[in-house]
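Letter by letter, the chains look like this.
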Amino acid sequence: MTAGPGATGQPTDPLAGFDAVIHAPNRLRICALLDTAGEAEFGLVQRQLGVSASVLSKHITVLMDAGYVEQRKAVRDTRHRVWLRLTGQGQEAYQGHLAALRAIVGTTGPTP
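None of the values given here were measured: they were computed from a predicted structure.

Quick notes on the rules
Residues numbered from 1 in each chain as written. Predicted model: local features only at pLDDT ≥ 70, side-chain atom pairs only at ≥ 80, totals over all residues. Heavy atoms only, no water. Pairing = 2+ DSSP bridges. Helix = DSSP H or I, 4+ residues; strand = E, 2+ residues; numbered from the N terminus. Axes fitted to C-alpha atoms, helices over the stretch in contact; angles between N-to-C directions. Parallel < 35°, antiparallel > 145°, perpendicular 65-115°, else oblique. Left-handed = near helix turned anticlockwise from the far one by under 90°. Contact = heavy atoms within 4.5 Å. Nonpolar A, V, L, I, M, F, W, Y, C, P; charged D, E, K, R; others polar. Buried < 20%, exposed > 50% of the residue type's maximum accessible area, 1.4 Å probe, protein only. Lys, Arg positive; Asp, Glu negative; His and termini not counted. Salt bridge = Lys/Arg side-chain N within 4 Å of Asp/Glu carboxyl O. Expected span 1.5 Å × (residues − 1). Arc of directions from axis to C-beta.

A. Focus on the sheet that holds strand 1 (residues 40-41). Taken in spatial order, the 3 strands line up as 1-3-2 in an open sheet, and their pairing is antiparallel. A single partner strand is all that each edge strand has here, and the edge strands are strand 1 and strand 2 (69-76). As defined by bridge partners, strand 2 adjoins strand 3 (residues 79-86) across 8 bridges and the pair is classed as antiparallel. Bridging from a neighbouring strand, R72 pairs with W83 of strand 3.

B. Summary view of the packing of helix 2 (residues 25-37) against helix 3 (residues 42-49). Between helix 2 and helix 3, the least distance of the axes is 11 Å, while the angle of their chain directions is 125°. When the axis of helix 2 is compared with that of helix 3, the two are oblique. Crossing handedness for the pair helix 2 and helix 3: right-handed. Between helix 2 and helix 3, the residues in contact are N26, R29, I30, L33 and L34 and V45, Q48 and L49, respectively. Of the residues belonging to the contact of helix 2 with helix 3, the class tally is 5 nonpolar, 2 polar and 1 charged.

C. The arrangement of the side chain of D19 in detail. Note on placement: D19 falls in the segment before helix 1 (20-23). Despite its burial, D19 pairs with no opposite charge, the nearest such side chain being R27 at 7.5 Å. The contacts of D19, once residues within four sequence positions are left out, are Y68, A93 and H97.

D. Region of interest: helix 4 (residues 53-65). Compared with an ideal rise of 1.5 Å per residue, which puts 13 residues at 18 Å, helix 4 spans 18 Å between its outermost C-alpha atoms and is within 8% of the ideal. Along helix 4, the residues that are buried comprise L56, H59, I60 and L63. Buried residues of helix 4, viewed axially, fall in a sector of 100°; they line one side. For helix 4, the exposed residues set more than 90 degrees away from the buried face come down to K58 and D65. For helix 4, the secondary structure elements touched by its buried residues are helix 1, helix 2, helix 3, strand 2 and strand 3. Immediately downstream of helix 4, the backbone of G67 shows phi near 85°, a positive value.

What follows is the structure, given as structure tokens:
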């Protein structure tokens with residue numbers, strides 16, 4: 001989301017994209033990983049985050065319930081695998097959340 005004018009000609013709130021669903025640290029990390037990778041196997045996401053399968057599953061369920069993540073199940077090497085990816089809605093929400101975080105912290109870097 002951008003801070004450009006809204007439909008009424010008024011500037012939009014730069015914090016409008018802040019998303020409490022995504023903001024939880026592990027969910028933010030999941031979205032970041034899936035945004036970069038496009039699609040990732042559940043086990044890979046689990047290893048990258050360093051969490052148990054049950055913790056990851058709970059976070060994925062929250063993201064799926066919000067319509068942000070979808071899963072694809074497949075058999076690979078005779079094992080059932082679950083692949084995760086951001087939906088279009090999830091990508092939009094993630095990018096909006098990043099824009100809101102940037103608005104919160106500002107554009108200036110640390111002072112030397």
